[in-house]
Amino acid sequence: MMEYGLLGEKLGHSFSPQIHQALAGYDYRLLPTPPEAVAAFLRRREFRGLNVTIPYKQTVIPLCDEVAPQAAAIGAVNTVVNRGGRLVGYNTDITGLIAMARRAGVDMAGKKVVILGSGGTSRTAQAAARELGAAEIVVVSRRGADNYQNLSRHADAQVLLNTTPVGMYPNCGETPVSLDAFPRLSGVLDMIFNPLRTALIQQAQERGIPCSGGLPMLVVQAQRAAELFTGQEIPDSRAEEVLRSLTAQVQNIVLIGMPGCGKSAVGRLLARRLGKQFVDLDKAVADMAGKPIPAIFAQEGEAAFRALESRAVREAGSRTGCVISTGGGVVTRPENLPPLRQNGVIIHLTRDLALLPTEGRPVSRQTGLPELWRQRAPLYAAFASLCVDNNGTLEAAAEQIEKELNTL
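Because the structure is a prediction, the values reported are computed rather than measured.

For the protein chain, the count of helices and strands is 16 helices and 16 strands. Taking 2.2 N^0.38 as the reference for a compact globule, 408 residues should give roughly 22 Å; the C-alpha atoms of the protein chain span a radius of gyration of 24 Å, in line with that estimate. Projected onto its principal axes, the C-alpha positions of the protein chain cover 75 × 50 × 40 Å. Per-residue burial over the protein chain gives 52% buried out of 408 residues. Put simply, 69% of the contacts in the protein chain that link residues at least 6 apart link residues at least 24 apart. For the protein chain, the exposed surface amounts to about 17800 Å²; the carbon and sulfur share of it is 49%. Side chains of the protein chain give 43 positive and 38 negative charges; the mean places of these two sets differ by 2 Å.

Structure below.
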């Protein structure tokens, strides 16, 4: 008999096996299953427990022998436990969502809550909002009475929850709404966990609104499911450790700074130290163009180079677990910030201008380093979360970056 697993239709980007292994140490498998095979799989009962994901959270309900009252009230089951041949359905998503809201400092008590989406995850969000004391709950769907064409009716919303897949990998950068439609918001929650920071969450961060992506919810719902599977309590501190470890693993480290400041050299060393993949955006651009960067500038001009660079940024930014070295001028296009920030922490690497080379660097030679620094210093500051000096050894810079990352 199999121990535990995740039942779903498409499971290519799930962190669940890693999370469950870290929380409880048992065997946990991904079980991609087509719709027509779900009923037969459950009836065989050849498992100790399952998590269930979209689109089967309603499908499994009539296949269970018993459904816990909370899951029945929500109308969605995401955890099934085999108790001596009897299948019992639970909903641990609500526990995860409530924990995510509290962790982010999003208070729903007495507030108007708008929930985007009307599927199974929306029902869980509605139940969580009720439990957290929301005064009013509005569900927005594409074709319901409250829809995306009449959002102005709810401009007084104070908390916004996204339960739609809009903005989820690989469609990074998309957003279901502009937060400009909700000027009174005091909290934003997005159930999506890949990317770490969706376009919606980045809008909230830019406005200083308390917010969270879905990774904390994923870990805490797994914690509760593991407790149901094993009958053993898992401390909240352990779940927090798993969350921090997983975030550090999947998060990109993005290096920005003046041309020649050592981004590639430090990046390669840092990638080796942290066991991450190294991505050199200048090399990616040259590979796209089939020619060196000076040749792109000479033959096609800077605008053509910047367009290729933005394409490389979008592709690299959608990846996880990388150290990304950028070109010195990546900050000159504001549209490069969201894709770099969605999975990454951005670090400004600095070096004395007298130590910066200019050979093979068209912009540095043409503009001059003092003027280039004057133009770009504010842009580096606007992009970066951290600033690290690289006037010493590469090892010293890499060690300082690791130290700074541990404080986040």
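The residue Pro-370 is located in helix H15 (residues 369–383) in this model. By relative accessible area, which is 60% here, Pro-370 ends up exposed. On a C-alpha basis, the gap between Pro-370 and Gly-167 in space is 40 Å, while along the polypeptide they are 203 residues apart.

Attention now moves to the side chain of Asn-252. For Asn-252, the location among the structural elements is in strand S12 (residues 252–256). A polar atom in the side chain of Asn-252 sits 2.9 Å from the backbone nitrogen of Cys-322. Beyond its immediate chain neighbours, meaning those up to four positions away, Asn-252 contacts Ala-316, Gly-317, Arg-319, Thr-320, Gly-321, Cys-322, Ile-324, Asn-343, Gly-344 and Val-345.

This paragraph deals with the packing of aromatic side chains. Throughout the structure, instances matching the rule amount to seven aromatic pairs. Ring centres of Tyr-26 and Phe-229 lie 6.2 Å apart, and the angle between their planes is 65°; on these two criteria the pair is classed as edge-to-face. Of this pair, Tyr-26 sits in the loop between helix H1 (16–24) and strand S2 (28–32) while Phe-229 sits in helix H7 (residues 215–230); the two residues are 203 residues apart in sequence, bridging distant segments of the chain. Since its relative accessible area comes to 6%, Tyr-26 is described here as buried. Taking 5.0 Å as the distance between ring centres and 35° as the angle between the ring planes, the aromatic pair formed by Phe-297 and Phe-305 counts as tilted. Comparing Phe-297 with Phe-305, the two get one shared label, buried. Site record: aromatic cluster; members linked through ring pairs are Tyr-4, Tyr-26 and Phe-229.

With mixed pairing, the six strands of this open sheet are ordered in space as S2-S1-S3-S5-S6-S4. Each of the sheet's edge strands pairs with one partner strand only, and the pair in question is S2 and strand S4 (66–67). The strands that H1 touches are strand S1 (2–8), S2 and strand S3 (47–52); relative to S2, the one it contacts most, it runs at about 160°.

Time to look at the packing of H1 against H7. Between H1 and H7, whose axes approach to 10 Å, the crossing angle comes to 55°. Taken together, the axes of H1 and H7 lie oblique to each other. Crossing handedness for the pair H1 and H7: right-handed. For the pair formed by H1 and H7, the contact residues are Ser-16, Ile-19, His-20, Leu-23 and Ala-24 on the first element and Leu-218, Val-219, Ala-222, Gln-223, Ala-225, Ala-226 and Phe-229 on the second. Looking at the contact of H1 with H7, its residues break down into nine nonpolar, three polar and no charged.

Reading the values: the criteria
Residues numbered from 1 in each chain as written. Predicted model: local features only at pLDDT ≥ 70, side-chain atom pairs only at ≥ 80, totals over all residues. Heavy atoms only, no water. Helix = DSSP H or I, 4+ residues; strand = E, 2+ residues; numbered from the N terminus. Rg over C-alpha atoms; globule rule 2.2 N^0.38 Å. Buried < 20%, exposed > 50% of the residue type's maximum accessible area, 1.4 Å probe, protein only. Contact = heavy atoms within 4.5 Å. Areas by Shrake-Rupley, 256 points an atom, 1.4 Å probe, with all protein chains shown as cover. Lys, Arg positive; Asp, Glu negative; His and termini not counted. Charge placed at Lys NZ, Arg CZ, Asp CG, Glu CD. Polar contact = N/O pair within 3.5 Å; in protein donor to acceptor, adjacent residues only side chain to side chain. Phe/Tyr/Trp six-rings, centres within 6.5 Å; stacked < 30°, edge-to-face > 60°. Pairing = 2+ DSSP bridges. Axes fitted to C-alpha atoms, helices over the stretch in contact; angles between N-to-C directions. Parallel < 35°, antiparallel > 145°, perpendicular 65-115°, else oblique. Left-handed = near helix turned anticlockwise from the far one by under 90°. Nonpolar A, V, L, I, M, F, W, Y, C, P; charged D, E, K, R; others polar.

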